[in-house]
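Architecture at a glance
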Amino acid sequence: MTTATYENTLAFAKEQDQNDPLHKFRKEFHIPTDKNGKEHVYLCGNSLGLQPKNTQKYIQEELNDWSKFGVEGHTEAKHPWMPYHEFLTEKMAKIVGAKPSEVVMMNTLTTNLHLMMVSFYRPTSKKYKIVIESDAFPSDKYAVESQLDFHGFDKKEGLILWKPRKGEELCRFEDLEKIMEEHGDEIALLLIGSTNYYTGQSFPIKKITELGHQHNAKVGIDLAHGAGNIQPNLHENGPDFAVWCSYKYLNSGPGSLGGCFVHERHANDSNLKRFAGWWGHNKQTRFNMRQEFDPIPGAEGWQLSNPPILSMAAIRASLDLFDEAGFDNIRKKSVELTGYLEFLLQEIEGDQIEIITPRNPEERGCQLSIKVKNANKELFNKLMNAGVIADWREPNVIRIAPAPIYNSYEDVYNMVSILKELL
Ligand SMILES: *Cc1c(COP(=O)(O)O)cnc(C)c1O
């Protein structure tokens, strides 16, 4: 669909929903409501995805098996707990474009980021600097600074920010190239968010990876806002590692487990340093307990502990929906749905709305970040009161993220109508 074929009417939005092959997935989710039971316009899947209706059932199954089997659930449960993380791998791998052996669900995002830096940030006195994008999520910045500090480097000097130019909102790839030309000898790691949480800009993973590798730097990708939103094609694009969480676009519940990708080229590298735990040890001899650590080849070898089954049950419930819908279809709808949001925002009279997210669908996921002229948080609060759940970032940005698996064209239409009335 092109902009020319969109229409600014409720009837059009409803018709799009009727013709949308993924529209049926909406009823697989609990949509939050107001006190009177009226559904909110929920456009905040970039922060916390909605609960699939099956989640309770999947978790309840594990609670039942625990009460029935006790410890024997590790082998006797319908989905035995011992290999439980393996039930997630294949479906997760498809969503991030990886081979199953390159992916594992474990820990949480920031923990995984540290574990990956233990292995892939191996600074020397000459080559120790880390590049991140300037508006990186605070947790990533803290993690990186603490790694620099841990290795005895000055965290100001060791951290290089890839910044938008003065007066611009978005980062330009040429500027990253320039950083690498000027400081490549000193840079040990590039850690870039695939999709920036603030501007919604998606970065070219392949180009970044090639650039980093040309300069002998390792490349890590933070997929917090990418997993379940864009297709990062991790295997093809070739970064050394990637980390993500599953509670945003992947709808696995607050604080649920994160994901981790280690590229196949590192699967059997016994020279890599790592922080180890028993769940990363060879499955055949894990319970012998008296062995030297013998890591499982691939991403699973970075596991530390036996993982929380209840959280993984929630991830299974969500991944089953993604798998049924097909991620290519989800992404296709996403491009059209966000295109519709963009179209409607542009229809608002005057120049009150500035969309700071890139206009090229290849350079963004579903989220649009907008600035409203002369607006403050008051406007955002009014939107919330009118039943629109979006997200406010100081000083003046509203983030709107129609998640294609449960949001409708009607949601998008209603959101913009309400915004227009408030202006
Ligand atoms: C959401 C998000 C996080 C959150 O980290 P947790 O360890 O899951 O709490 C970290 N980094 C980025 C870029 C995020 O968007």
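Conventions and cut-offs
Residues numbered from 1 in each chain as written. Predicted model: local features only at pLDDT ≥ 70, side-chain atom pairs only at ≥ 80, totals over all residues. Heavy atoms only, no water. UniProt positions renumbered as here; feature names shortened; annotations may be inferred. Pairing = 2+ DSSP bridges. Helix = DSSP H or I, 4+ residues; strand = E, 2+ residues; numbered from the N terminus. Axes fitted to C-alpha atoms, helices over the stretch in contact; angles between N-to-C directions. Contact = heavy atoms within 4.5 Å. 1 Å grid on protein atoms, 1.4 Å probe; cavity = no way out; pocket = protein on both sides within 12 Å on 5 of 7 lines; lining within 4 Å. Points joined across faces, edges and corners; volume = space filled by probe spheres on them. Nonpolar A, V, L, I, M, F, W, Y, C, P; charged D, E, K, R; others polar. Domains from an automatic or database assignment. Phe/Tyr/Trp six-rings, centres within 6.5 Å; stacked < 30°, edge-to-face > 60°. Buried < 20%, exposed > 50% of the residue type's maximum accessible area, 1.4 Å probe, protein only. Lys NZ or Arg CZ within 6 Å of the ring centre and 35° of its normal.

For the chain, the name recorded in an unreviewed UniProt entry is Kynureninase, with Mesonia maritima as its organism. Listed in UniProt under the heading Subunit (unreviewed entry), the comment for the chain reads: "Homodimer." According to the UniProt record, the Function (unreviewed entry) comment for the chain reads "Catalyzes the cleavage of L-kynurenine (L-Kyn) and L-3-hydroxykynurenine (L-3OHKyn) into anthranilic acid (AA) and 3-hydroxyanthranilic acid (3-OHAA), respectively."

As for the sheet that holds strand 6 (residues 218–222)
Strand order in the open sheet made by the seven strands is 2-8-7-6-5-3-4, with mixed pairing throughout. In this open sheet, the two edge strands, each paired with only one partner strand, are strand 2 (103–106) and strand 4 (159–162). Adjacent strand axes in the sheet meet at a mean angle of 20 degrees, parallel and antiparallel pairs treated alike. Of the strands in this sheet, strand 2, strand 5 (187–193), strand 6, strand 7 (241–245) and strand 8 (258–262) touch helix 5 (residues 109–120), which is tilted by about 170 degrees from strand 7.

Side note on the layout of surface pockets
Of the volumes computed, that of the largest pocket is approximately 610 Å³. Along the walls of the largest pocket sit 28 residues, with S202, F203, P204, E362 and E363 positioned nearest its centre. Among the secondary structure elements, those contributing two or more residues to the lining of the largest pocket are helix 8 (173–183), helix 9 (205–214) and helix 10 (234–237). Its residues assigned to classes, the lining of the largest pocket comprises ten nonpolar, six polar and twelve charged. The residues that make up the lining of the largest pocket include at least three from each of domain 1 (3–53 + 326–422) and domain 2 (83–323). The computed volume of the second largest pocket comes to approximately 290 Å³. Residue lining of the second largest pocket: 18 residues in total, with K38, E39, H40, V41 and N414 positioned closest to the centre.

Some words on the packing of aromatic side chains
The way to describe two aromatic rings as a pair is by their centre distance and the angle between their planes. What the rule picks out here adds up to 19 aromatic pairs. For the ring pair W162 and F203, a centre distance of 4.7 Å and an interplane angle of 45 degrees mean the geometry is tilted. Residue W162 is found in strand 4, and its partner F203 is found in the loop between strand 5 and helix 9; the two are separated by 41 residues along the sequence. Take W162 and F203: they sit in the same class, and that class is buried. Plain terms: the ring middles of W279 and F287 are 6.4 Å apart, the flat faces sit at 85 degrees to each other, and that makes the pair edge-to-face. One aromatic cluster in this structure is built from Y6, F12, Y340, F343 and Y409. Residue placement shows K248 over the ring face of F137; its charged tip is 5.0 Å from the ring centre.

Points about the pairing of strand 3 (residues 129–133)
When you tally the buried positions in strand 3, you get five out of five residues, the bulk of the element. Burial along strand 3 is two-sided: K129, V131 and E133 and I130 and I132, pointing in opposite directions, are all buried. Pairing analysis gives four bridges linking strand 3 to strand 5, with the strands arranged parallel. Bridging across to strand 5, I132 finds its partner in L191. Across four bridges, strand 3 lies against strand 4 in parallel orientation. Among the inter-strand pairings, I130 is bridged to a residue of strand 4, identified as L159.

Let's talk about empty space enclosed by the protein
Here the structure, examined in full by the defined rule, presents three cavities of 30 Å³ or more. As a volume, the largest cavity reaches approximately 60 Å³. In terms of lining residues, the largest cavity is bounded by E133, S134, D135, P164, E169, L170, C171, N196, T199, Q201 and F203. Along the lines of polarity and charge, the residues of the lining of the second largest cavity split into six nonpolar, two polar and no charged. Mapped onto the domain boundaries, the lining of the second largest cavity takes at least three residues apiece from domain 1 (3–53 + 326–422) and domain 2 (83–323).

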